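# Structural overview
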Amino acid sequence: MAVKYYIEDIVPFLLEKDQKIGRKSKDIFFTNIVASKHINEYSLDWINPSNPKKQKLFNCSKAKIIICDKSIKVTKDVMEKKCIVRANDPKHTFANIVNNIFVEEKKCGVHETA
């Protein structure tokens, strides 16, 4: 079974001016990161602020936790179903979360069995 990550798990990795809005509950979590065309309800998603279709991508995202810039219009309906992280630099925030949660740090040095 995949590990579930909740909004509380990623708060330490948010950047200084990032803000979270929307719902916080036991059914809002992510377990994976995938390419944008494969986003599902268990994915962490981010919306590129330079994409001219960013609002449409946001509205159509199946993810329950989405990182986007502050120009995205978030409706009351969306806030009841999802948790949104509004960031000045969504890509940087996403990368920071991914690097801290999914990337395993390699140890340098002589292996303990040597």
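The structure we're discussing is the one just above.
Residues numbered from 1 in each chain as written. Predicted model: local features only at pLDDT ≥ 70, side-chain atom pairs only at ≥ 80, totals over all residues. Heavy atoms only, no water.

### Some details on the environment of Asn99
The condition that has to hold: In DSSP terms, a helix is any run of H or I states spanning at least four residues, a strand is any run of E spanning at least two, and both are numbered starting from the N terminus. Relative accessible area decides the class of each residue, using a 1.4 Å probe on protein chains only: under 20% of the type maximum gives buried, over 50% gives exposed, and in between gives partly exposed.
For Asn99, the location among the structural elements is in helix α4 (residues 90-101). Given a relative accessible area of 47%, Asn99 falls into the partly exposed group. Through-space distance from the C-alpha of Asn99 to that of Phe13 is 9.4 Å; in sequence the pair is 86 residues apart.

### Examining the pattern of salt bridges
Here is the rule: Here, a salt bridge means any Lys or Arg side-chain nitrogen found within 4 Å of an Asp or Glu carboxyl oxygen.
Overall, the coordinates contain four salt bridges when judged by the stated rule. Of the charged contacts, one joins Lys54 and Asp69 as a salt bridge, the two residues approaching to 3.1 Å between their closest N and O atoms. With Lys54 in helix α2 (residues 54-60) and Asp69 in the loop between β5 (65-68) and α3 (76-81), this pair connects stretches of sequence that are 15 residues apart. Across the pair Lys81 and Asp77 runs a salt bridge, and its minimum N-O distance is 3.4 Å. A residue pair is termed a helical-turn pair when its members lie 3 or 4 positions apart in one helix, as Lys81 and Asp77 do in helix α3 at four residues.

### So, a nonpolar patch on the surface
Quick note on the threshold: A patch consists of residues exposed above 30% relative accessible area that lack any salt bridge, with like charges linked at up to 9 Å and nonpolar side chains (Val, Leu, Ile, Met, Phe, Trp, Tyr) linked at up to 5 Å. Residue burial considers only the protein chains on display, and all accessible areas are found by Shrake-Rupley using a 1.4 Å probe.
Nonpolar side chains collect at one region of the surface, where Ile33, Phe102 and Val103 lie side by side and expose about 220 Å² of accessible area between them. Among the structural elements, Phe102 can be located in the segment after α4.

That is the geometry; function is a separate question.
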